[in-house]
Amino acid sequence: MADYRKMWEDLGMNVDKHDLLCEALPDAFGGIYLSQEKRPEGMNYFNFVVAEIHGVRPAELLEHQARGGKVFGTFCVYVPDEVVFAAGGIATGLCGGSQFWVPAGESVLPVNTCPLIKASVGARLDRTCPFFRIADMYVGETTCDGKKKAWEILAGEVPFHVMDVPQMKRPQDIGRWADEIKGFIKVVEEFTGNRVTPEALHQSIVMLNNKRRALKRLYETRKADPVPISGKDALLATEIAFYDDPSRFTEMTNNLCEELEQRVKRGEGVFPAGAPRIMITGTPMAIPNWKLHHLVESAGAPVVVEESCTGTRYFEHLVEEEPRDLDGQIIALAERYMKTNCACFTPNSNRIQDILRLAQEYRVDGIIDYNLQFCGLYSTESYLVKQALDAQGIPYLHIETDYSEQDFEQLRTRVEAFLERLRK
Ligand code: BJ8
């Protein structure tokens, strides 16, 4: 990474502690990513983003602020980024995916809190993540209890807006979500000093739909056998989608897709044809949480799709582009976002339907249901996932884990035994 020490100091970061994080990343990334064979050339851009993760994009965000723009940090795919961009702001993901931040989170949260929440709070309190320092406002949501309470702690640090996500998906709930979006528009307008006009909102809807289209195109290539890109690389691209400039991300992902589509035409893959194809479903994997993908792919099986918020849930549905008036656009946003099937909803049977559909579309041989430890929502829903997969005869493995490496060998044994079952 280039020298950003001065920038980090100016941001009030704990630079000495941050150095420890910077020292660990190249080895971890090298071992997990750069060691892969036949990686697409198009991944070079994403390698660069990781190499400069606390440098290039934070510097861009600071430039934006120097021009008077605001930066909004978000923690959930339910927050409509379109609104932020329409007001001349920038939205950036803040979910923590590293064990490095967990201890600082545990200093204020119960230990039996999900690692994503602990790492997100820890990243702020530890002062070791520039994104958490730069964001002018954090935007949270009421999806799970751990997050709701964590927001109250973070609100003592940074201006914070919480969006109240409904718990059901009845027509009146979609109406309520539309009202929340209206309220969010007001907050963003006041905070940025800019109006959200229908024209600007239309532009940001199209821009973010294009990002979703590019990710969908990337995932389409993963339906091929042999698969032209590893699950690890596809996951990395999706994780970066939460931080990167949306238009540049779209362009780079489309470039990658062109290469992958050529590979598919030539029948070239990164795993041999016929290798067991795995779907991962469950809780999201924030950067740099590559643990499960690395385990599965090191054992010779490609991950071909993720039914997750760092997977299909992030891009599958587009916002209707037709409405050109604000009320119509708000309804279109509400309808699109309420299609995301998070376990915080009851019932959430559409997620089970999605899993079954994706299993067919991606021709998967087995499904790993991935739960971040202490996520009561997804681990409870696992019962229903397993029931549905058993009924269809789809092999299933449930894994509950955190960000640490402590259970790595134990998980490796379980994953290898599962793959063995699929190979018979
Ligand atoms: S829409 S999955 S991004 S809430 S894993 S913090 S639920 S205890 S991340 Fe999520 Fe939005 Fe839902 Fe998606 Fe809580 Fe569970 Fe932790 Fe979670």
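For the structure itself, look to the data block above.
Notes on the structure in this doc start here. (Residues numbered from 1 in each chain as written. Predicted model: local features only at pLDDT ≥ 70, side-chain atom pairs only at ≥ 80, totals over all residues. Heavy atoms only, no water.)

Structurally, the position occupied by Ser 382 is in helix H18 (residues 376-392). When its relative accessible area of 6% is taken as the criterion, Ser 382 is described as buried. Setting aside residues no more than four positions away along its own chain, Ser 382 makes contact with Asp 369, Asn 371, Tyr 396 and His 398. (Helix = DSSP H or I, 4+ residues; strand = E, 2+ residues; numbered from the N terminus. Buried < 20%, exposed > 50% of the residue type's maximum accessible area, 1.4 Å probe, protein only. Contact = heavy atoms within 4.5 Å.)

Spatial ordering of the open sheet is given by E2-E1-E3-E4, a layout of 4 strands whose pairing is parallel. The open sheet terminates on both sides in strands that have one partner only, identified here as strand E2 (90-93) and strand E4 (160-163). Neighbouring strand axes in the sheet, compared pairwise and without regard to direction, differ in orientation by 25 degrees on average. Judged from the 4 bridges that link them, strand E3 (residues 137-141) and E4 form a sheet pairing that is parallel. Bridge assignment links Glu 141 to a residue of E4, and that residue is Met 163. Seen against the sheet, helix H10 (residues 171-192) touches strand E1 (71-74), E3 and E4 and runs at an angle of roughly 165 degrees to E4. (Pairing = 2+ DSSP bridges. Axes fitted to C-alpha atoms, helices over the stretch in contact; angles between N-to-C directions.)

Time to look at the site of the ligand. The ligand sits among 15 residues. The nearest are Cys 76, Cys 144, Cys 309, Cys 342 and Cys 375. Of the residues in the shell around the ligand, the class split is 11 nonpolar, 2 polar and 2 charged. (Near = heavy atom within 4 Å. Nonpolar A, V, L, I, M, F, W, Y, C, P; charged D, E, K, R; others polar.)

What follows is about the sheet that holds strand E7 (residues 366-372). Strand order in the open sheet made by the 4 strands is E6-E5-E7-E8, with parallel pairing throughout. Two strands lie at the open edges of the sheet, namely strand E6 (303-307) and strand E8 (396-401), each paired on one side alone. On average, adjacent strands in this sheet sit at an angle of 25 degrees to one another, irrespective of strand direction. Of the pairings in the sheet, the one linking strand E5 (residues 278-282) to E6 comprises 4 bridges and is parallel in character. Across the sheet, the residue bridging to Ile 280 is Glu 306, located in E6. Sheet contacts for helix H17 (residues 349-361): E5, E6 and E7; angle to E5, the most-contacted strand, approximately 170 degrees.

This is a description of form; function is not addressed.
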